[in-house]
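Architecture at a glance
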Amino acid sequence: MSIYKIAVIPGDGIGPEVLQEGIKVLNKMAALDASLHFEYTYFPWGCEHYTDHGVMMDEDGIEKLKNFDAIFLGAVGYPGVPDHISLWDLLLKIRKSFNQYINIRPIKLIKGAVCPLKDVKREEVDMLFIRENNEGEYAGAGDWLYKGQENEVVLQTGVFSRKGTERVIRYAFETAKREGKSLTSISKGNALNYSMVFWDQIFGEVSKEYPDVKIASYLVDAAAMLMITDPKRFEVVVTSNLFGDILTDLGAALAGGIGLAAGANINPEKTFPSMFEPIHGSAPDIAGKGLANPLAAIWSASQLLDFIGYEHYGKLLLEAIEVLLVDGKVLTPDMKGTATTSEVGDRIIEVIESLSLKLA
Ligand code: NAD
Ligand code: IPM
Ligand code: MN
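Description of the structure in this document. (Residues numbered from 1 in each chain as written. Chains lettered and ligands numbered in written order. Predicted model: local features only at pLDDT ≥ 70, side-chain atom pairs only at ≥ 80, totals over all residues. Heavy atoms only, no water.)

This next bit is on the pattern of salt bridges. Scanning all chains against the criterion turns up 21 salt bridges. The salt bridge involving Glu-277 is made with Arg-95; its shortest N-O contact spans 2.8 Å. Highlighted residues: Glu-277 in strand 12 (residues 274-278) and Arg-95 in helix 4 (residues 83-97), separated in sequence by 182 residues. The exposure class of Arg-95 is buried, given its relative accessible area of 5%. In this structure, Arg-347 and Glu-350 form a salt bridge, with 2.7 Å as the shortest nitrogen-oxygen distance. With Arg-347 and Glu-350 both in helix 11 (residues 341-359), this residue pair falls three residues apart, about one helical turn. Exposure remark for Glu-350: the relative accessible area of 46% places this residue in the partly exposed category. One continuous salt-bridge network, built from bridges that share partners, spans Arg-162, Glu-166, Arg-170, Glu-205 and Glu-209. (Salt bridge = Lys/Arg side-chain N within 4 Å of Asp/Glu carboxyl O. Helix = DSSP H or I, 4+ residues; strand = E, 2+ residues; numbered from the N terminus. Buried < 20%, exposed > 50% of the residue type's maximum accessible area, 1.4 Å probe, protein only.)

Turning our attention to the site of ligand 1. Neighbouring ligand 1 are 21 residues; Val-76, Asp-83, Gly-281, Ala-283 and Asp-285 lie closest to it. Gly-281 is positioned with one of its backbone polar atoms (N or O) 2.7 Å from an oxygen atom of ligand 1. Contacts to ligand 1 include Asn-293, whose backbone N or O atom sits 2.9 Å from a nitrogen atom. In the complex, 70% of the free accessible area of ligand 1, which totals 800 Å², lies under the protein chains. (Near = heavy atom within 4 Å. Polar contact = N/O pair within 3.5 Å; in protein donor to acceptor, adjacent residues only side chain to side chain. Areas by Shrake-Rupley, 256 points an atom, 1.4 Å probe, with all protein chains shown as cover.)

All residues adjacent to ligand 2 are Leu-87, Leu-92, Arg-95, Arg-105, Arg-131, Tyr-138 and Asp-245. A distance of 2.5 Å is found between an oxygen atom of ligand 2 and a side-chain nitrogen or oxygen belonging to Arg-95. Here an oxygen atom of ligand 2 and a side-chain polar atom of Asp-245 are 2.8 Å apart. Taking 320 Å² as the accessible area of ligand 2 by itself, protein coverage stands at 78%. By residue number, the principal contributor to the shell around ligand 2 is helix 4, which donates three residues. Each residue belonging to the shell around ligand 2 can be placed in one class, and the counts come to three nonpolar, no polar and four charged. Split by domain, the shell around ligand 2 shows at least three residues from each of two domains, domain 1 (1-100 + 264-360) and domain 2 (115-255). (Nonpolar A, V, L, I, M, F, W, Y, C, P; charged D, E, K, R; others polar. Domains from an automatic or database assignment.)

Bringing the pairing of strand 9 (residues 215-219) into the picture now. The pairing of strand 8 (residues 183-187) with strand 9 spans five bridges and is parallel. Bridge assignment links Ile-186 to a residue of strand 9, and that residue is Tyr-218. For the segment spanning strand 8, helix 6 (residues 195-207) and strand 9, crossover handedness is right-handed. (Pairing = 2+ DSSP bridges. Right-handed = clockwise from strand over helix to strand, strands pointing away.)

Shape is all these values report; function is a separate question.
See the structure below:
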């Protein structure tokens, strides 16, 4: 029997609500398979913890997380704690400490998901964003000089190392090659005359190792436009931390909404645990009311299953989401339904049950 040790960080706002449904679904998968077992350890870290203890996570938090097989995270951030503290001291700290330098975000219009674009075929929205996740514009390098004075200056420095840039671009090429897809790089070399000129140069260099992968390169402003006007151009996409952050929210809107969009923070070497989370935030505007859509968290549970080598269950779970969406009866209000967060989770369990019976 394989026992997977999962660190659970529900976090803030709707984080705990959606994660509970993700866990429910993981448990259902384990119930289907005698060889699969999850052991959860909950960490009550987040903004409430900060208010009570003055820190977002335990001082030795990273040490505590180190030996888990994976981390399952809800969302971080809540009014009352400055966002740059809550995110830097928990979510970003984990991504950086554990070298989770690859952020995989599928933008795929699955069956039943509603696309706001007119005249678009479902298969035309099928992108796999690979976002640089450790450095770039979110390196945290900078300074705040002469604070509060007339000559106040702030510096926020992008950091693009050769190692960091090469490894994410190479990972994207490997993915495109494996999947037989094209690879598009998104950058901004016309204005960012050091960092993005460098990014484009590295993309050019690494591309020589992959002559069979069809490539394209766009400036980020044009890419934002083309994602709307001609989404089928984008298959596997590689981009920097900031651009990937923004474009994947845009992509989420194209592929059924932010309540459906999942992301995996991967440490490819598996030296450290990888982390799975919905890409949305803590949504304080709807927190605590049972209104949150748990499907993004459930989709990230599917990514977790893929990652630990249970791709057939990852696929089954994605199919269950499709069945629920096509059926259209049990949806949360963001998808124009009236169901609660836990009703959606319960319905997914029922669908998994019936799909697995069909398989058996
Ligand atoms: P957000 O993603 O929390 O919310 C944006 C909008 O989408 C809101 O109207 C919200 O109600 C809605 N929404 C988000 N997830 C939803 C879901 N599952 N179901 C239904 N509706 C959903 O972004 P924001 O409002 O910009 O940020 C809120 C807080 O979350 C901030 O503190 C921010 O820093 C933090 N944040 C955290 C993460 C993370 O933990 N990964 C990501 C983004 C933002
Ligand atoms: C995301 C979030 C985070 C990011 C924030 C909260 C630091 O927006 O995961 O998309 O930008 O990486
Ligand atoms: Mn984001």
